Amino acid sequence: MTTSAQHELFARVDALVEGSRSLQDLCLHRVELLAARRWRELGREVPMELVARERKAAATAMAAPALLERIRAETDGPLLLMKGPELARRYPDPALRGFRDLDIVVPDARATQRQLVAAGFEEAGDPSLFENIHHLRPLFWPGLPLLVEIHHGLKWIESFDQPAAAQLFGAAVPSRAGPRGVLAPSPAHHALMLAAHAWAHRPLSRLRDLIDIAVAAAEADPEQIRTLAKSWGIQRVWATTARAIHAVLGDGRSPASLVIWARHLRAAREQTVLESHIQDWLCALWVLPSGRAITAAASAIGADLVPKKDEGWSSKLARTRASLADASVRKSQHDEALDAARGGP
Amino acid sequence: MKLRLDKHDIDWREVEGEVIALRRSTAAYLGVNHSGTLLWRALQAGADEARLAEVLVEHYGIAGDTARADVCSFVEQLRSQGLIQTA
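Bear in mind that the values here come from a model prediction, so they are computed numbers and not experimental data.

The rules we used
- Residues numbered from 1 in each chain as written.
- Chains lettered and ligands numbered in written order.
- Predicted model: local features only at pLDDT ≥ 70, side-chain atom pairs only at ≥ 80, totals over all residues.
- Contact = placed C-beta atoms within 7 Å.
- Helix = DSSP H or I, 4+ residues; strand = E, 2+ residues; numbered from the N terminus.
- Nonpolar A, V, L, I, M, F, W, Y, C, P; charged D, E, K, R; others polar.
- Pairing = 2+ DSSP bridges.
- Core = buried A, V, L, I, M, F, W, Y, C linked by C-beta atoms within 7 Å.
- Buried ≥ 20, exposed ≤ 12 C-beta atoms within 10 Å, placed from the backbone.
- Domains from an automatic or database assignment.
- Axes fitted to C-alpha atoms, helices over the stretch in contact; angles between N-to-C directions.
- pLDDT = per-residue confidence, 0-100.
- Parallel < 35°, antiparallel > 145°, perpendicular 65-115°, else oblique.

### Let's talk about the interface of chain B and chain A
- Counting residues at the interface gives ten residues for chain B, matched by 13 residues for chain A.
- The set of elements that each furnish at least two residues to the side of chain B that touches chain A consists of strand S2 (10–15), strand S3 (18–23) and strand S4 (28–32) of chain B.
- For the side of chain B that touches chain A, the leading source of residues is S2(B), giving three residues.
- Classifying every residue of the side of chain B that touches chain A gives six nonpolar, no polar and four charged.

So this is what it looks like as structure tokens:
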């Protein structure tokens, strides 16, 4: 990414941050560290809560290279570092993009995990939570505030095949965040991996997801990304994501996705209850081929119209009434109210 | 004698006037308050204990003896954690 392109992108982020109405919204979009930087530039006071987050981010930014050195020294075979620290290196300052873990793809995850445990890394979390997911149980090095997740696959969009690890390793480039011998995905691969990952969690949900994808994509030829997206079968995901980035972080017009259910991105605010429901119902239309998309959308709407498992009709109707009454209310506020009505989260 | 931070083994960052340092070899963190950060900056520039005491006197207007005692304590703490060496 050229310095001027980076400047332009983050100037746009500054404008979005300035337009946001609350720190809560900025945290939700995970751009609060960028907000702190901007507020200081503008001479505004930075709340202590945010300073504490900055200190934590500074601590993790320093820990990443140290931890990667240990991991490289204690393991054999290629290590492909993705997301967090690799993207942070593309921000104006790595400490402006917080992260909690190191995501590393390896050819033999169990063997790498064993090597790291033998070297003194410790496993964290309930083992049952990490069965049948894309990474093994998180590891940590005592004293360092970062988890390490050894991946045997990627978080990917349901009903799509993810790319083979061999393809990712074949195109990999030297990592910017790690020592010699640590790799990172090629920029085109990284941009698509991030887009698919974000879409698998919740499509066009957070500003920081768009920034991350934008900084990765800025280092690749746009045509190369489109071709690769097509070969991975996620061309519609990419097209929707790229249009959203162009509209939110550039000077493009708002595509339909942003107008219908992702308006919150441009306003750097939380989705409303109505926007969230519309997204659940319709987002498949932006990803899947038309036949499958209509089936998926109908299925999502149908699922929203009947009670959840172990829920009675009276509870479902009460939820529906609350949703209608709260249509323009923040989603988290609505969820909190429902939890409170049920007697706690 | 001049003191110097072990830059090969330490990373540090300053946030809102306070230093956070990480000693990579031991994975140990150190938080440094505002006055300590003044001394840290002076150490980066290459200072001895006398100069560090001057920094405190100049900034806080405290007595020389008090400043020297504070510096001695600060330097001892850094030394015990392996963060500084004598040049």
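### A short note on the pairing of strand S1 (residues 2–5) of chain B
Residue and element names in this part refer to chain B.
- Pairing analysis gives two bridges linking S1 to strand S5 (residues 47–48), with the strands arranged antiparallel. Within S5, the residue paired with Leu3 across the bridge is Ala47.
- Where S1 and strand S6 (residues 84–86) come together, three bridges link them in antiparallel fashion. The residue bridging Arg4 from the neighbouring strand is Gln85, located in S6.

### Some words on the environment of Leu87(A)
All names here are of chain A.
- Tracing the backbone shows Leu87 in helix H5 (residues 84–88).
- Between the alpha carbons of Leu87 and Phe99 there is a distance of 9.8 Å; along the sequence they are twelve residues apart.
- Apart from the residues within four sequence positions on either side, Leu87 is in contact with Arg97, Asp212, Val215 and Ala216.

### Concerning the nonpolar core
All names here are of chain A.
- Formed by 113 residues in total, the largest nonpolar core has its most connected members in Leu67, Leu80, Leu81, Leu192, Ala195 and Leu210.
- It is helix H4 (residues 48–74) that provides the largest number of residues to this core, a total of eleven residues.
- Summarising the domain contributions, this core has at least three residues from each of domain 1 (3–271) and domain 2 (272–345).
- Dropping the residues within four chain positions of it, Ala195 is found in contact with Ile213, Val237, Trp238 and Thr241.

### Describing the sheet that holds S4(B)
Residue and element names in this part refer to chain B.
- If you trace the three strands from one edge of the open sheet to the other, you get S2-S3-S4, paired in antiparallel fashion. Every other strand in the sheet has two partners, leaving S2 and S4 as the edge strands with one partner each. Taking each pair of neighbouring strands and ignoring which way they run, the sheet shows an average axis angle of 15 degrees.
- As paired strands, S3 and S4 are joined by five bridges and run antiparallel to one another. In the sheet register, Ala21 faces S4, and the bridge partner there is Leu30.
- Against the sheet, helix H1 (residues 34–45) engages S2, S3 and S4, with an angle of about 65 degrees to S3.

### Observations regarding helix H9 (residues 207–217) of chain A
- In terms of residue burial, H9(A) counts as a mostly covered element, since eleven of its eleven residues are buried.
- All buried positions along H9(A) are accounted for by Leu207(A), Arg208(A), Asp209(A), Leu210(A), Ile211(A), Asp212(A), Ile213(A), Ala214(A), Val215(A), Ala216(A) and Ala217(A).

### Digging into the domain arrangement of chain A
All names here are of chain A.
- What the domain assignment lists for chain A is domain 1 (3–271) and domain 2 (272–345).
- Centre-to-centre separation of domain 1 and domain 2, based on C-alpha positions: 28 Å.
- Each partner contributes residues to the interface: domain 1 has 13 residues there, and domain 2 has twelve residues.
- Within the residue set of the side of domain 1 that touches domain 2, elements represented by two or more residues are helix H11 (235–249) and helix H12 (256–260).
- Top element by residues in the side of domain 1 that touches domain 2 is H11. It accounts for three residues.
- Of the residues belonging to the side of domain 1 that touches domain 2, the class tally is six nonpolar, four polar and three charged.

### Focus: the confidence of the model for chain B
All names here are of chain B.
- A residue-level look at chain B finds 100% of positions with pLDDT of 70 or above and a mean pLDDT of 92.
- Confidence scores differ between elements of chain B, with S6 showing the lowest mean pLDDT of 84 and helix H2 (residues 49–60) the highest of 95.
- Interface confidence for the predicted complex, given as ipTM, is 0.86, next to a pTM of 0.89.

### Digging into the pairing of S3(B)
Residues and elements named next belong to chain B.
- Summarising the sheet, S2 and S3 pair through six bridges and their orientation is antiparallel. Bridged to Trp12 within S3 is Ala21.
- Here S2 folds back onto S3, and the loop between the two strands holds two residues, one of which, Glu16, carries a positive phi near 50 degrees.
- Where S3 hands over to S4, the hairpin turn is made up of four residues, of which Ala27 adopts a positive phi near 55 degrees.

### Comments concerning the environment of Ala188(A)
Residue and element names in this part refer to chain A.
- Along the chain, Ala188 falls in helix H8 (residues 187–201).
- In sequence terms Ala188 and Glu219 are 31 residues apart; their C-alpha atoms lie 7.7 Å from each other.
- Residues within four places of Ala188 in sequence aside, it is in contact with Ala220, Gln224, Ile225 and Leu228.

### So, the packing of H9(A) against H11(A)
All names here are of chain A.
- H11 packs onto H9 with a crossing angle of 105 degrees between their chain directions and a minimal axis gap of 10 Å. Considering their axes alone, H9 and H11 lie roughly perpendicular with respect to each other. Residues Leu210, Ile211, Ile213 and Ala214 of H9 form the contact with H11, whose own contacting residues are Thr241, Ala244, Ile245, Val248 and Leu249.

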